[in-house]
Amino acid sequence: YDAQGRLRTEHRRIQVKIPRGITAGKRIRLSGQGAPGRHGGVPGDLYLEVQLKPHPLFRVEGADVHLTLPIAPWEAALGAKVKTPTLAGDVEVTVPAGARSEQKLRLKGRGLGPAGKKPGDQIVALQIVLPPADNETQQAFYRDMAVRMPFDPRASLIS
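What you see is a predicted model; the values in this text were computed from it and never measured. (Residues numbered from 1 in each chain as written. Predicted model: local features only at pLDDT ≥ 70, side-chain atom pairs only at ≥ 80, totals over all residues. Heavy atoms only, no water.)

**Student:** I keep staring at the overall build of the chain and nothing clicks. Help me out?
**Tutor:** When helices and strands are tallied, the chain shows two helices and eight strands. Ordered by position from the N terminus, the helices and strands of the chain form the series β-β-β-β-α-β-β-β-β-α. A compact globule built from 159 residues would reach a C-alpha radius of gyration of about 15 Å, whereas the chain, at 26 Å, exceeds it by more than 25%. Principal-axis analysis of the C-alpha atoms gives the chain an extent of 85 × 35 × 35 Å. Across the 159 residues in the chain, those meeting the buried criterion constitute 22%. Look at the contacts in the chain between residues 6 or more apart in sequence, and 38% of them connect residues 24 or more apart. In the structure as shown, the chain presents an accessible area of about 12500 Å², 54% of it carried by carbon and sulfur atoms. (Helix = DSSP H or I, 4+ residues; strand = E, 2+ residues; numbered from the N terminus. Rg over C-alpha atoms; globule rule 2.2 N^0.38 Å. Buried < 20%, exposed > 50% of the residue type's maximum accessible area, 1.4 Å probe, protein only. Contact = heavy atoms within 4.5 Å. Areas by Shrake-Rupley, 256 points an atom, 1.4 Å probe, with all protein chains shown as cover.)

Here it is as structure tokens:
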């Protein structure tokens, strides 16, 4: 506070140790780093609220980490083992045969979590990505597939 009793801001740099596995919205208390007490009293505590910077691959919800994993149609239809990024590095995930877009796979313990406590999970949402049909050969393949595999994805919508 200044001589007139008004609160004034002061800029200073403080080094803070961020606890492992902390999640968004949690607070960190810095004892004695707040404003000085009235009439020359001891400084109070400073509280920092944690916010996580968005990541290009992962999205965090509580202690769980979410990832959208692109897969090829044949990987979805036949099943496959695919390399998948996690916070600790790539792992191999089994895509079950007959997998659908938006189907979720759970990787237990691959999320965020404080040291010594059970971490969250990584939730992998499958996204089937179609290969392009940029030339006549690829387009012919799709036409052949339409003839050999009669399938109507909208059959349940039409009565």
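**Student:** Teacher, can you tell me more about the pairing of strand β8 (residues 122–128) here?
**Tutor:** For β8, a buried count of five out of seven residues is recorded, marking the element as mostly surrounded by other parts of the structure. With seven bridges connecting them, strand β4 (residues 64–71) and β8 associate as parallel partners. Counted as the bridge partner of Pro-70 is Gln-127 from β8. Where strand β7 (residues 104–107) meets β8, four bridges bridge the pair, whose relative direction is antiparallel. Counted as the bridge partner of Leu-107 is Gln-122 from β8. (Pairing = 2+ DSSP bridges.)

**Student:** Is there a simple way to explain the pattern of salt bridges in this structure?
**Tutor:** Oppositely charged side chains can form a pair if their charged atoms are brought close together. Scanning the model with the defined rule gives six salt bridges in all. Between Arg-29 and Asp-45 there is a salt bridge, and its shortest N-O distance comes to 2.7 Å. Remark: Asp-45 occurs in the loop between β1 (27–30) and β2 (46–49) and Arg-29 occurs in strand β1; sequence separation between them is 16 residues. Exposure remark for Asp-45: the relative accessible area of 31% places this residue in the partly exposed category. For the salt bridge of Arg-148 with Asp-144, the shortest nitrogen-to-oxygen distance reads 2.8 Å. With Arg-148 and Asp-144 both in helix α2 (residues 136–148) and four residues apart, this pair spans about one turn of that helix. (Salt bridge = Lys/Arg side-chain N within 4 Å of Asp/Glu carboxyl O.)

**Student:** Explain α2 here, please?
**Tutor:** Residues spaced three or four apart along an α-helix point in a common direction, a consequence of the helix completing one turn every 3.6 residues. Compared with an ideal rise of 1.5 Å per residue, which puts 13 residues at 18 Å, α2 spans 18 Å between its outermost C-alpha atoms and is within 8% of the ideal. The N-cap residue of α2 is Asn-135: its side-chain oxygen and the backbone nitrogen of Thr-137 are 3.1 Å apart. (Expected span 1.5 Å × (residues − 1). Polar contact = N/O pair within 3.5 Å; in protein donor to acceptor, adjacent residues only side chain to side chain.)

**Student:** It is not clear to me how the environment of Leu-67 should be interpreted in this structure. Could you clarify?
**Tutor:** Within the element layout of this structure, Leu-67 appears in strand β4. For the pair Leu-67 and Pro-19, spaced 48 residues apart in sequence, the C-alpha separation works out to 23 Å. Those residues in contact with Leu-67 that lie beyond four places of it in its chain are Leu-57, Phe-58, Thr-84, Pro-85, Gln-122, Ile-123, Val-124 and Ala-125.

**Student:** Even after reading the chapter, I still don't get the packing of aromatic side chains, so can you show me in this structure?
**Tutor:** One pair of aromatic rings is described through two measures. These are the centre distance and the angle between the planes. Scanning all chains against the criterion turns up one aromatic pair. A cation over an aromatic ring shows up here: Arg-27 above the ring of Tyr-47, its NZ or CZ 4.3 Å from the ring centre. (Phe/Tyr/Trp six-rings, centres within 6.5 Å; stacked < 30°, edge-to-face > 60°. Lys NZ or Arg CZ within 6 Å of the ring centre and 35° of its normal.)

Read these as geometric descriptors, not functional statements.
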